[in-house]
Amino acid sequence: MEKVAFESDSSFPAKFKIKTSRDFRNILSEGTKTHSQNFILYAKPNSLGFPRLGVSVGKKASASSVKRNRMKRVLREVFRRNKPAFSSNDVVFLIKNDVSGKKFSELYLEIKKLAGHIK
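Criteria and cut-off values
Residues numbered from 1 in each chain as written. Predicted model: local features only at pLDDT ≥ 70, side-chain atom pairs only at ≥ 80, totals over all residues. Heavy atoms only, no water. Phe/Tyr/Trp six-rings, centres within 6.5 Å; stacked < 30°, edge-to-face > 60°. Helix = DSSP H or I, 4+ residues; strand = E, 2+ residues; numbered from the N terminus. Buried < 20%, exposed > 50% of the residue type's maximum accessible area, 1.4 Å probe, protein only. Patch = residues over 30% accessible without salt bridge, like charges linked within 9 Å, V, L, I, M, F, W, Y side chains within 5 Å. Areas by Shrake-Rupley, 256 points an atom, 1.4 Å probe, with all protein chains shown as cover. Salt bridge = Lys/Arg side-chain N within 4 Å of Asp/Glu carboxyl O. Lys, Arg positive; Asp, Glu negative; His and termini not counted. Charge placed at Lys NZ, Arg CZ, Asp CG, Glu CD. Pairing = 2+ DSSP bridges. Axes fitted to C-alpha atoms, helices over the stretch in contact; angles between N-to-C directions. Contact = heavy atoms within 4.5 Å. Polar contact = N/O pair within 3.5 Å; in protein donor to acceptor, adjacent residues only side chain to side chain. Core = buried A, V, L, I, M, F, W, Y, C linked by side-chain atoms within 4.5 Å.

Caption draft 1: Molecular detail of the packing of aromatic side chains. The tally for this structure, following the rule as stated, stands at 5 aromatic pairs. Seen in terms of ring centroids, Phe16 and Phe50 are 5.3 Å apart; in terms of plane orientation they differ by 70 degrees. Their pairing is edge-to-face. Here Phe16 is found in the segment before α1 (21–30), whereas its partner Phe50 is found in the loop between β2 (39–45) and β3 (52–57), with 34 residues between them in sequence. There is no split in this pair, since Phe16 and Phe50 are both buried.

As structure tokens, then:
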């Protein structure tokens, strides 16, 4: 059995988050891009041995900050549950549409399918 290079627990500590605008710009300019109906995914391999996540939700997706924050929470939860699917990549999700009213299971499947496109 293959050992996983990162924790297999269900936490989401700070080391899994992309925080700086420089990192975001770097991933958006140099990463590979794939998209679905509701999301755009940028991925770039890293040398950390674990995946990191960045999320961007513009006001175009929803004018309500409550809805935008819910979308980010759902996306982080799907990422947290599927860390191995993202292997050792820096991943940035841009949310295109208001997905705050969609079921978690629908979003889970859509994001998992996008993760399968990462090389």
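Caption draft 2: Seen up close, a positive patch on the surface. A surface patch of like charges, here positive, comprises Lys17, Lys19, Arg70, Arg73 and Arg76. You can see Arg73 is positioned in helix α2 (residues 65–81).

Caption draft 3: How the structure looks around the sheet that holds strand β4 (residues 89–95). Ordered in space as β1-β2-β4-β3, the 4 strands form an open sheet in which the pairing is mixed. Since the sheet does not close on itself, it has two edges, and those belong to β1 (32–35) and β3, each with one partner. Each adjacent strand pair in this sheet contributes to an overall mean axis angle of 20 degrees, direction not counted. Both β3 and β4 contribute to a ladder of 6 bridges, which runs parallel. Counted as the bridge partner of Ser56 is Leu94 from β4. Most of the contacts of helix α3 (residues 104–115) go to β2, to which it runs at about 40 degrees, and overall it touches β1, β2 and β4.

Caption draft 4: Highlighting the side chain of Asn46. Along the chain, Asn46 turns up in the loop between β2 and β3. Among the residues examined, Asn46 registers a relative accessible area of 16% and is labelled buried. Within the structure, Asn46 has its side chain in polar contact with the backbone oxygen of Phe50 (distance 3.2 Å). Once residues lying within four places of it in the same chain are set aside, the contact partners of Asn46 are Pro51, Arg52, Ser88, Asn89 and Asp90.

Caption draft 5: Highlighting unusual backbone geometry. Unlike most non-glycine residues, Ser87 shows phi in positive territory, near 40 degrees. The residue Ser87 is located in the loop between α2 and β4 in this model.

Caption draft 6: Geometry of the nonpolar core. Core analysis: the biggest nonpolar cluster contains 25 residues, and Phe39, Phe86, Phe93 and Ile95 have the highest contact counts within it. Broken down by secondary-structure element, the contributors of at least two residues to this core are β2, β3, α2, β4 and α3. Considering every element that reaches this core, the biggest residue donor is α2, with 5 residues. In this structure Phe39 touches Thr34, Leu75, Phe93, Leu94, Ile95, Lys96, Val99, Leu107, Glu110, Ile111 and Leu114, once residues within four positions along its chain are discounted.

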